[in-house]
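Results of the structural survey
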Amino acid sequence: EALKIRRNIWRSLRGAGSGHMGGSLSAADLLAALYFHHLRLRPGDDQVTRALAEIYRQAGRPGDAARVWEKQVEAEPRDVDALLQLGLHYFAQGQSDRAQATLQKALEVDPTSSGVILALAEIYEEADQSEQAVLHYRKALELEPANLRVRLKLGDLLLRARRAKEALAEADTVLEVDAENKFA
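Residues numbered from 1 in each chain as written. Predicted model: local features only at pLDDT ≥ 70, side-chain atom pairs only at ≥ 80, totals over all residues. Heavy atoms only, no water.

**Regarding the environment of Ala-133**
- On the secondary structure map, Ala-133 appears in helix 8 (residues 130-143).
- On the basis of relative accessibility, which here comes to 0%, the residue Ala-133 falls in the buried class.
- Spatially, the C-alpha atom of Ala-133 lies 8.8 Å from that of Leu-118, the residues being 15 residues apart in sequence.
- Apart from the residues lying within four places of it in its own chain, the contact partners of Ala-133 are Ala-121, Tyr-124, Glu-125 and Leu-157. (Helix = DSSP H or I, 4+ residues; strand = E, 2+ residues; numbered from the N terminus. Buried < 20%, exposed > 50% of the residue type's maximum accessible area, 1.4 Å probe, protein only. Contact = heavy atoms within 4.5 Å.)

**Quick word on the packing of helix 7 (residues 114-126) against helix 8**
- Between helix 7 and helix 8, the least distance of the axes is 8 Å, while the angle of their chain directions is 160°. Compared by their axis directions, helix 7 and helix 8 come out roughly antiparallel. Read as a crossing pair, helix 7 and helix 8 show a hand that is left-handed. Across the interface between the two elements, Ser-114, Ile-117, Leu-118, Leu-120, Ala-121, Glu-122, Tyr-124 and Glu-125 from helix 7 touch Gln-132, Ala-133, His-136, Tyr-137, Lys-139, Ala-140 and Leu-143 from helix 8.
- Across the contact of helix 7 with helix 8, the residue classes break down as nine nonpolar, three polar and three charged. (Axes fitted to C-alpha atoms, helices over the stretch in contact; angles between N-to-C directions. Parallel < 35°, antiparallel > 145°, perpendicular 65-115°, else oblique. Left-handed = near helix turned anticlockwise from the far one by under 90°. Nonpolar A, V, L, I, M, F, W, Y, C, P; charged D, E, K, R; others polar.)

**Regarding the nonpolar core**
- By size, the foremost hydrophobic cluster in this structure holds 33 residues, and its most contacted members are Leu-86, Leu-103, Val-116, Leu-120, Tyr-137, Val-150 and Leu-154.
- At the level of secondary structure, the elements contributing two or more residues to this core comprise helix 4 (62-75), helix 5 (80-92), helix 6 (96-109), helix 7, helix 8 and helix 9 (148-160).
- Here this core takes eight residues from helix 7, the largest share from any one element.
- Aside from chain neighbours lying at most four places away, what touches Tyr-137 is Leu-118, Ala-121, Glu-122, Glu-125, Val-150, Lys-153, Leu-154 and Leu-157. (Core = buried A, V, L, I, M, F, W, Y, C linked by side-chain atoms within 4.5 Å.)

**Description of the layout of surface pockets**
- Estimates place the volume of the second largest pocket at around 190 Å³.
- Lining the second largest pocket are Ala-53, Glu-54, Arg-57, Pro-62, Ala-65, Trp-69, Gln-85, Leu-88, His-89, Ala-92 and Gln-93.
- For the lining of the second largest pocket, the elements supplying multiple residues, two or more each, are helix 3 (46-58), helix 4 and helix 5.
- For the lining of the second largest pocket, the element with the most residues is helix 5, which contributes four residues. (1 Å grid on protein atoms, 1.4 Å probe; cavity = no way out; pocket = protein on both sides within 12 Å on 5 of 7 lines; lining within 4 Å. Points joined across faces, edges and corners; volume = space filled by probe spheres on them.)

**Some thoughts on the pattern of salt bridges**
- In total, this model carries 13 salt bridges according to the counting rule given.
- Arg-50 is the salt-bridge partner of Asp-81, the closest N and O atoms lying 3.4 Å from each other. With Asp-81 in helix 5 and Arg-50 in helix 3, the pair connects residues that are 31 residues apart, well separated along the chain.
- In this structure Arg-50 comes out as partly exposed when scored by relative accessible area, which is 28%.
- Look at the salt bridges and you will find they share partners, linking Glu-131, Arg-138, Arg-163 and Glu-166 into a network. (Salt bridge = Lys/Arg side-chain N within 4 Å of Asp/Glu carboxyl O.)

**Here's the deal with helix 6**
- In this model, helix 6 (14 residues) spans 20 Å end to end at C-alpha, consistent with the 20 Å of a helix rising 1.5 Å per residue.
- Turning to helix 6, its buried residues are Ala-99, Gln-100, Thr-102, Leu-103, Ala-106 and Leu-107. Here the buried residues of helix 6 occupy an arc of 170° about the axis, which is enough to place them on one side. Helix 6 presents Asp-97, Lys-105 and Glu-108 as exposed residues on the side facing more than 90 degrees away from its buried surface. (Expected span 1.5 Å × (residues − 1). Arc of directions from axis to C-beta.)

**A short note on helix 10 (residues 164-177)**
- With 14 residues, helix 10 should reach 20 Å at 1.5 Å per residue; the first-to-last C-alpha distance of 20 Å fits that figure.
- Residues of helix 10 that are buried: Ala-167, Glu-170 and Val-174. For helix 10, the arc enclosing every buried residue in end-on projection is 60°, short of the 170-degree limit, so these residues lie on one face. Across from the buried face of helix 10, at angles greater than 90 degrees, the exposed residues are Lys-165, Leu-168, Leu-175 and Glu-176.
- At its buried positions, helix 10 is contacted by helix 8 and helix 9.

Take a look at the structure:
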């Protein structure tokens with residue numbers, strides 16, 4: 001396994017056209033021992049997929065993170081979390097249509113996923129599709145009525161859409177739920 005890691009390091013640096021491989025090559029045995037023997041992780045394991053995608057994202061390599069999620073969706077088309085993460089990636093890259101389509105697939109798999117519903121609401125809001133955004137924020141509140149952050153976002157959207165009565169109703173609900181003003 002360490003040999004495979006070394007080969008991948010070499011290919012990566014060769015493809016980049018620059019870089020120093022000394023430290024990476026030295027760590028290959030340690031990584032292989034930890035990954036395969038002590039942690040007993042295997043490629044394709046959900047935990048590994050999520051960790052790998054997060055490492056790529058934090059390293060400023062969103063394209064590589066997206067490829068990890070795309071492979072996961074290809075292997076498990078009903079993986080709602082992978083679809084959500086991929087949809088969020090597309091949205092962050094300015095690909096709203098692709099993000100919406102991916103998140104709609106996730107919603108077909110699990111119509112009660114509040115994370116997917118909220119992501120769609122935010123995408124619709126960003127795209128100035130306020131009716132769709134309001135619809136999805138309300139769906140999210142049906143699932144989590146005490147979610148004050150969503151309630152405030154909905155109220156703000158309604159206010160900007162000149163629907164003051166509905167916005168005030170949301171504000172009143174926030175005050176009822178958060179009577180001691182802990183949320184503020």
